[in-house]
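# Analysis of the macromolecular model
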Amino acid sequence: MAQVPVFRSLEVRRELPETKIHSLAQDDNGEVWMGTDRGLWSFNGVEFTPHALNDSLGEFTVISLNVRDKDHMMLGCEDGDLWIVDEYGPRLLRQGGDRAGVSSIIQDEDRSIVTTYGSGVMVIEGDSVRTINTSNGLPDDFIYCSYLDESGVLWIGSDRGLSMISNYQSSPDVQNFSEEEGLTDNIVMSMVKGKGDLIWLGLYDNGMISFDTKNHEFEVPEKIKEWGHGKVNDMICLKNEIWAATRSGIVDYEFSGYHRLRILTGNEGDLLKLTSFLLGDKGNIWVTDGEELYYTSGEGIEVKGSHNGDDISNVSTILATEDGKVWFSNDKGLFCYMPFVKDIE
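None of the values given here were measured: they were computed from a predicted structure.

Turning our eyes to something else, we now look at the confidence of the model for the protein. Per-residue confidence for the protein averages 76 on the pLDDT scale, and 69% of its residues sit at or above 70. Every residue in residues 1-13 scores below 50 in pLDDT, and together they form 51 contacts with partners more than four places removed in sequence or on other chains. This model gives residues 340-345 a pLDDT under 50, and the stretch forms 18 contacts once residues within four places in sequence are excluded.

Here's what the structure looks like:
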């Protein structure tokens, strides 16, 4: 007997026509929250509910979400506005105006860490906001990616290399790493935790490079030194492999064993300009290029362009939840797939 993943559509909801969903998150009660170009919405499995940030719901384009439950969440808007929703209701924490938009929101035990496209890093505790930017030692305020390690050190990727921020909670100590320290490309587009003390960096021109966070040493795998796949938009670390989303499809580098390098493309061998990854509950990896939705079990990529006549192209965001469901959205609405396993002879 062998087991293969089978996917079936649970339901397709169209209560949000002509609405683009930019971000998805699930709270501790299983409710799915959506950041859209019509503000904040939630879906409880039966109906959609709008949540006004002020008297006008449609003025806000929510692009980043960090959700614990309906009374504890943070929203980042396209214009740079930053909102907190708690038991007292929604509150504007920072007026964006012409400031940079929010690129990511990370939550530690006591505070939120917000990275931005142009304003550096904000550390938020209650209503207190502290900014870490070039005046504190960051080489650049345009942040592409971030990672908070288990020791409480914040790692930042920008147009000017990799930055390590210690003691970000009070008096930040910033240490920067660039080409002078062995980084092969100063534009760090993506970042993922590797094995042990390693983090892997996805670069704009020169592929991937590992960095030892304890010894502060870079290492370029021999098979990645001749790179011809463009920028690394996203990465995911599997048991013995690093996958990179690139213009060539998935670049799969095996960092143990035979150290092989291979390219996973579409069913017809097409080059797929992939942008992001998501690891599903059953070990399948979902991928999008901003247009089509794909999934792979590791040996090839299958396009999920439609299901039962429903168009599921133009995918903007994907979410895998603890109950095994895979949610994704496009300009047609919100979709949900549940993976289950089928035994075959």
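This part takes up the sheet that holds strand S14 (residues 143-148). One open sheet accounts for 4 strands, arranged S14-S15-S16-S17; its pairing is antiparallel. At either end of the open sheet lies a strand with only one pairing partner, and these are S14 and strand S17 (173-177). Neighbour-to-neighbour, the strand axes of the sheet open up by a mean angle of 20°, direction not taken into account. Pairing between strand S15 (residues 154-158) and strand S16 (residues 161-166): 5 bridges, direction antiparallel. Within the sheet, the bridge partner assigned to Gly157 lies in S16 and is Leu162.

Turning to the sheet that holds strand S8 (residues 82-86), a few remarks are in order. Strand order in the open sheet formed by 4 strands is S6-S7-S8-S9, and the pairing between neighbours is antiparallel. The outermost strands of the open sheet, each flanked by one partner alone, are strand S6 (62-69) and strand S9 (89-94). When the angles between neighbouring strand axes are averaged without regard to direction, this sheet yields 20°. Pairing analysis gives 5 bridges linking S8 to S9, with the strands arranged antiparallel. By the bridge assignment for S9, Val85 is matched with Pro90.

Quick notes on the rules
- Residues numbered from 1 in each chain as written.
- Predicted model: local features only at pLDDT ≥ 70, side-chain atom pairs only at ≥ 80, totals over all residues.
- Heavy atoms only, no water.
- pLDDT = per-residue confidence, 0-100.
- Contact = heavy atoms within 4.5 Å.
- Pairing = 2+ DSSP bridges.
- Helix = DSSP H or I, 4+ residues; strand = E, 2+ residues; numbered from the N terminus.
- Axes fitted to C-alpha atoms, helices over the stretch in contact; angles between N-to-C directions.

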